[in-house]
Amino acid sequence: MAENHYDAIVVGSGISGGWAAKELTEKGLKVLLLERGRNIEHIKDYQNAQKESWDYPHRGHRTQEMIDKHPVLKRDYPLNEQTQGMWVDEQKSPYIEEKRFDWFRGYHVGGRSLLWGRQSYRWSQTDFEANIRDGLAVDWPIRYEDLAPWYSYVERFAGISGSKEGLDILPDGEFLPPMQLNCVEKDVANCIKEKFNGQRHMFIGRVANITQAKPEQNRVDCQYRNKCWLGCPYGAYFSTQSATLPAAMKTGNLTLRPYSIVTQVLYDKDKKKARGVEVLDAENHQTYEYTADVVFLNASTLNSTWILMNSATDIWPDGLGSSSGELGHNVMDHHLRAGAEGDVEGYEDKYYYGRRPNGFYVPRFRNINGDNRDYLRGFGYQGRASRERWDREVAELSIGADFKQALSEPGQWTIGMGGFGEILPDHDNHVSLSHEVKDAWGLPVLSFSVELKENELAMRKDMTQDAVDMLEAAGVKNVRGYDREYGVGMGIHEMGTARMGRDPKTSVLNGFNQIWDAPNVFVTDGACMTSASCVNPSLTYMALTARAVDYAVKELKKGTLA
Amino acid sequence: MNRRELLKMISAATGTAMIGGGALLSGCSREPSDSDISTAQLVFSANDVQLLDEIAETILPRTDTPGAKDAQVGQFMTVYVRDCYTEEEQNLFHSGLVQLQETSLATYGQEFIDLEAEQRLELVRELDTQAKTQLAESDQPHYFTMFKQLTLFGFFTSEPGATQALRYVAVPGRYDGCMDYEEGDRGWAT
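Residues numbered from 1 in each chain as written. Chains lettered and ligands numbered in written order. Predicted model: local features only at pLDDT ≥ 70, side-chain atom pairs only at ≥ 80, totals over all residues. Heavy atoms only, no water.

Engineer: An account of the pattern of salt bridges is requested, with residue identities and associated values reported.
Structural biologist: Residues and elements named next belong to chain A. Evaluation of the coordinates by the stated rule reveals 45 salt bridges over all chains. Across the pair K227 and E52 runs a salt bridge, and its minimum N-O distance is 2.9 Å. With a gap of 175 residues between them, K227 in the loop between strand 6 (203–204) and helix 7 (240–250) and E52 in the loop between strand 2 (31–34) and helix 2 (64–69) connect regions that are remote in the sequence. You can call E52 buried: its relative accessible area is 12%. Linked by salt bridges that have partners in common, R75, E97, R100, D102 and E485 make up one network. (Salt bridge = Lys/Arg side-chain N within 4 Å of Asp/Glu carboxyl O. Helix = DSSP H or I, 4+ residues; strand = E, 2+ residues; numbered from the N terminus. Buried < 20%, exposed > 50% of the residue type's maximum accessible area, 1.4 Å probe, protein only.)

Engineer: Lay out the interface of chain B and chain A with the relevant residues and their values.
Structural biologist: With 76 residues of chain B in contact, the opposing surface of chain A contributes 74 residues. Of the roughly 6400 Å² buried between chain B and chain A on both sides combined, carbon and sulfur atoms contribute 57%. Viewed at the interface, chain A and chain B are joined by 1 salt bridge. Between A:K350 and B:D180 there is a salt bridge, with the nearest N and O atoms lying 2.7 Å from each other. Where chain B meets chain A, there are 32 residue pairs in polar contact (both at pLDDT 80 or more). (Contact = heavy atoms within 4.5 Å. Buried area = accessible area lost by both parts, 1.4 Å probe. Polar contact = N/O pair within 3.5 Å; in protein donor to acceptor, adjacent residues only side chain to side chain.)

Engineer: With reference to specific residues and values, describe the sheet that holds strand 3 (residues 96–97) of chain A.
Structural biologist: All names here are of chain A. The 3 strands are arranged 3-18-17 in an open sheet whose pairing can be described as mixed. Single-partner strands in this sheet number two, and they are strand 3 and strand 17 (430–438). Alignment of strand 3 against strand 18 (residues 444–449), held across 2 bridges, turns out to be parallel. Within strand 18, the residue paired with E97 across the bridge is F448. (Pairing = 2+ DSSP bridges.)

Engineer: Residues and numbers for the nonpolar core, please.
Structural biologist: Residue and element names in this part refer to chain A. Counting 160 residues, the largest nonpolar core has I9, F238, V277, L297, L320, M529 and M542 as the members making the most contacts within it. Looking at this core element by element, the count peaks at 8 residues for helix 5 (residues 144–158). In this structure V277 touches I9, V11, L34, V262, Q264, V265, L266, Y288, E289, Y290 and V295, once residues within four positions along its chain are discounted. (Core = buried A, V, L, I, M, F, W, Y, C linked by side-chain atoms within 4.5 Å.)

Engineer: Report on the packing of helix 3 (residues 87–108) of chain B against helix 4 (residues 117–137) of chain B, specifying residues and quantitative values.
Structural biologist: Residue and element names in this part refer to chain B. Two elements in contact, helix 3 and helix 4, have axes separated by 11 Å at closest approach and are oriented at 125°. For the element pair helix 3 / helix 4, the angle class is oblique. The element helix 3 and its partner helix 4 pack so that their crossing is right-handed. The segment helix 3 lies against helix 4, with L100, T103, S104 and Y108 engaging Q119, E122, L123 and L127. (Axes fitted to C-alpha atoms, helices over the stretch in contact; angles between N-to-C directions. Parallel < 35°, antiparallel > 145°, perpendicular 65-115°, else oblique. Left-handed = near helix turned anticlockwise from the far one by under 90°.)

Engineer: So what's going on with the packing of aromatic side chains? Residues and values would help.
Structural biologist: A full pass over the atoms with the stated rule returns 40 aromatic pairs over all chains. Between A:W150 and A:Y153, the ring centres sit 5.6 Å apart and the planes meet at 75°, which makes this aromatic pair edge-to-face. Taken together, the residues span about one helical turn, with A:W150 and A:Y153 both in helix 5 at a distance of 3 residues. The exposure class assigned to A:W150 is buried, which follows from its relative accessible area of 18%. The rings of A:W390, B:F44, B:F76, B:Y80, B:Y85, B:F93, B:Y143, B:F144, B:F147, B:F153, B:F155 and B:F156 are connected pair by pair, giving a single aromatic cluster. (Phe/Tyr/Trp six-rings, centres within 6.5 Å; stacked < 30°, edge-to-face > 60°.)

Engineer: So, unusual backbone geometry: which residues are in play, and what are the values?
Structural biologist: Residue and element names in this part refer to chain A. If you check the backbone angles, N367 has positive phi at about 60° while not being a glycine. Locating N367 in the fold gives a position in the loop between strand 14 (360–362) and strand 15 (379–387). Taking the relative accessible area as the measure of exposure, N367 reaches 18% and is therefore buried. Non-glycine residue I492 carries a positive phi angle of around 50°. By secondary structure assignment, the location of I492 is in the loop between strand 19 (477–483) and strand 20 (514–515).

Engineer: Provide a residue-level description of the pairing of strand 18 of chain A, including the pertinent values.
Structural biologist: All names here are of chain A. Among the 6 residues of strand 18, 6 are classified as buried, and the element is accordingly described as predominantly covered. As judged from the 6 bridges shared by strand 17 and strand 18, these two strands associate in the antiparallel manner. Across the sheet, residue S434 finds its bridge partner in strand 18, namely V445. In this structure, the hairpin formed by strand 17 and strand 18 is closed by a connection of 5 residues, where G442 is found at a positive phi of approximately 75°.

Engineer: Help me get a handle on helix 4 of chain B, residues and values and all.
Structural biologist: Residue and element names in this part refer to chain B. The end-to-end C-alpha distance of helix 4 is 30 Å, a good match for the 30 Å that 21 residues give at a rise of 1.5 Å each. Within the span of helix 4, buried status applies to R120, L121, L123, V124, L127, D128 and A131. Along the long axis of helix 4, the arc covered by the buried residues comes to 165°, so they all point the same way. Away from its buried face, by an angle of more than 90 degrees, helix 4 presents the exposed residues E118, A136 and E137. Summarising the contacts, the buried residues of helix 4 are in contact with helix 1 (46–59), helix 3 and helix 5 (143–156). (Expected span 1.5 Å × (residues − 1). Arc of directions from axis to C-beta.)

Engineer: Can you tell me about the side chain of A:E456, naming the residues and giving the values?
Structural biologist: All names here are of chain A. Looking at the secondary structure, you find E456 in helix 10 (residues 454–473). Within the buried set, E456 has no salt-bridge partner at all; the shortest N-O distance to an opposite charge, 7.7 Å, is to K453. Separated by 2.8 Å, the side chain of E456 and the backbone nitrogen of L424 make a polar contact. Discounting residues that sit within four places of it in the chain, E456 has contacts with H335, E422, I423 and L424. (Lys, Arg positive; Asp, Glu negative; His and termini not counted.)

Engineer: Lay out the environment of B:S158 with the relevant residues and their values.
Structural biologist: Residue and element names in this part refer to chain B. Along the chain, S158 turns up in the loop between helix 5 and helix 6 (159–165). According to the relative accessible area criterion, S158 is buried, its value standing at 2%. The spacing of S158 and P61 is 97 residues in sequence and 15 Å in space, taken between C-alpha atoms.

Engineer: Account for the packing of helix 1 (residues 15–26) of chain A against helix 7 of chain A, naming residues and giving values.
Structural biologist: Residue and element names in this part refer to chain A. Relative orientation of the contacting elements helix 1 and helix 7 amounts to 25°, with a least axis distance of 7 Å. Taken together, helix 1 and helix 7 sit at an angle that is classed as roughly parallel. Viewed along their axes, helix 1 and helix 7 form a crossing whose handedness is left-handed. Here helix 1 contributes I15, G18, W19, A21, K22, T25 and E26 to the contact with helix 7, which in turn contributes T240, T244, A247 and A248. Of the residues in the contact of helix 1 with helix 7, the class split is 5 nonpolar, 4 polar and 2 charged. (Nonpolar A, V, L, I, M, F, W, Y, C, P; charged D, E, K, R; others polar.)

Engineer: Just give me the short version of helix 8 (residues 301–309) of chain A, but keep the residues and values in it.
Structural biologist: Given 3.6 residues to a turn, an α-helix orients residues that are three or four positions apart in the same direction. In terms of residue burial, helix 8 of chain A counts as a mostly covered element, since 9 of its 9 residues are buried. Residues A:T301, A:L302, A:N303, A:S304, A:T305, A:W306, A:I307, A:L308 and A:M309 constitute the buried set of helix 8 of chain A.

Engineer: Any details on the environment of A:G346? Residues and values, ideally.
Structural biologist: Residues and elements named next belong to chain A. Its place among the elements puts G346 in the loop between strand 12 (338–344) and strand 13 (350–353). Judged by its relative accessible area of 26%, G346 is partly exposed. Linking G346 and E165, residues 181 residues apart in sequence, is a C-alpha distance of 28 Å.

Everything listed here is a matter of coordinates, which is why it stays silent on function.
Right under this line is the structure:
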């Protein structure tokens, strides 16, 4: 057994698992990093990173065969020729939708850190106080000041470009120089500030694309190709492969084991602690046990919860961490696809150079600073202005040389923004374990019962109308508000199901992400979230993970976890 | 958010969402067709590729920059239709090729490929008008809408289209959000 023992086991190699592995190994622990999917090596395995549109037989579009194989992924943009193979095999890994849930999974080393949108925002004090202020769910066991130094810590390493704005609702961070707004966006931003009396703001997105090289990490600054989701050969955006995995490897303390499906946390009844995990090898279907002093679950929000539900069921029928009755509950996402777009007159003598992998951001302005709506919480916007391309309508021309000439020139400027709205934690929104359907490895699957409630539906009206109002105030013409079909999960910001809290009776994790029922098991991915805020969550997972590791290692040294 | 941009692959130039693999963009899901046309009839011949090339070249001709034929748009269309269209859509596309030839024979007494440049332009303009009318009046796309969409998409995403008719820099290296533009300057491919 000795060769199967490590100081720590990390389950999952995405954004938070990569951080856990880096922090634990840098603190001297011998770490086993388990990943259920295949390995993807930095640069070498980014098979499409250097391809151009004409290198794809279908120029990036999806085929009928791809559609048939991906009944869930086909619901949105992730199903395309460029990122084919970077998303889960839905035939092998099914799930049950009691209610529609769009679950877009990346089962490979790096997980969705290779595919993420890279928008990186700090939570505000308003977010941490939201539940107690509204008398909803449970209070966060931490406040902004608990996480602020850890935000700084992870920002400095990951490399976040952005501008300091001095806003309480979206705290500034340790930024690399910001990317630029284009000239239309700059003018619209100024108009909005003026027309809304300084209460609404628009500025360049804060994004995990580095604008200055990080030679110590072998990362080159962003080259503005806008091909991030194919894997960056420059290492210009933060991913497990570009940043945390090489750092962990450098310590000599890391063992990475791909094709390792963790089926359960092994629980020691007498010591009331985990002793390790059980692994099902995805290739040879053999079962292995690995033991460790501490286990970090970073398998992605819903899969970390799946592992817990499948663990220690002889003591707790609903799984490890289920004693509060909250495991699997309070599923959240960010609801989106509501906003507005319109046409911009003028600026015919202006264009841009380079493909900026980023847009503008409008932080939340609803239900703060004295504003009161008939719903709780709020939303932010992300958007961009650009000139129309060849796929636009050209008045009066439709065939021939003049038509071709017209389409070879850029069209008018347009601008659009879409909301990212907070979803409230609701006990009713839950996942459960179903033994009726099995995956390709004979394992039970998750069953989803999640839906938008009245608060979100009321908020969506503002998400559309406020975008219309702002664009019109800025002089944008032909403004068209929209509220398009949104399936929960489509935000790819799954959160909740193993929430942090102050009381073991009402939460799964404590203020340091420890499972109340097994203190040497930490959950630091999206599962831990007690509420959802409206900002993109990944930076917060990074900060929570680094903080939890720091705590775990101190406690290990004190002997409280052993 | 730019990961969401693929959603914008809507071909406004033809007045409707991209037909085929992008079907979700129009929000419709198509049931498998129970058409009795065998798949053997849904195979393109070399003549079909040539005909598609000529139709595409009429829509986007070679000027001082390459045209659709230079970009082998006909060949591209056959691959896209075969792999990205539903069987129902493939049927419409294939029957469109037959109908176009019939129209050419009925109007000019010759196959499309033998028409003078002016006659080709006239016929294609007429089909374009028909297609626009049909789009305004019905949910069923006209086959010419398919030809035109795939011509534009195939051409402007091809190497000659993207790099010569349009502009493309593989590794820009920097971003300038306020570059001067003069009328006639080519647009960026992406």
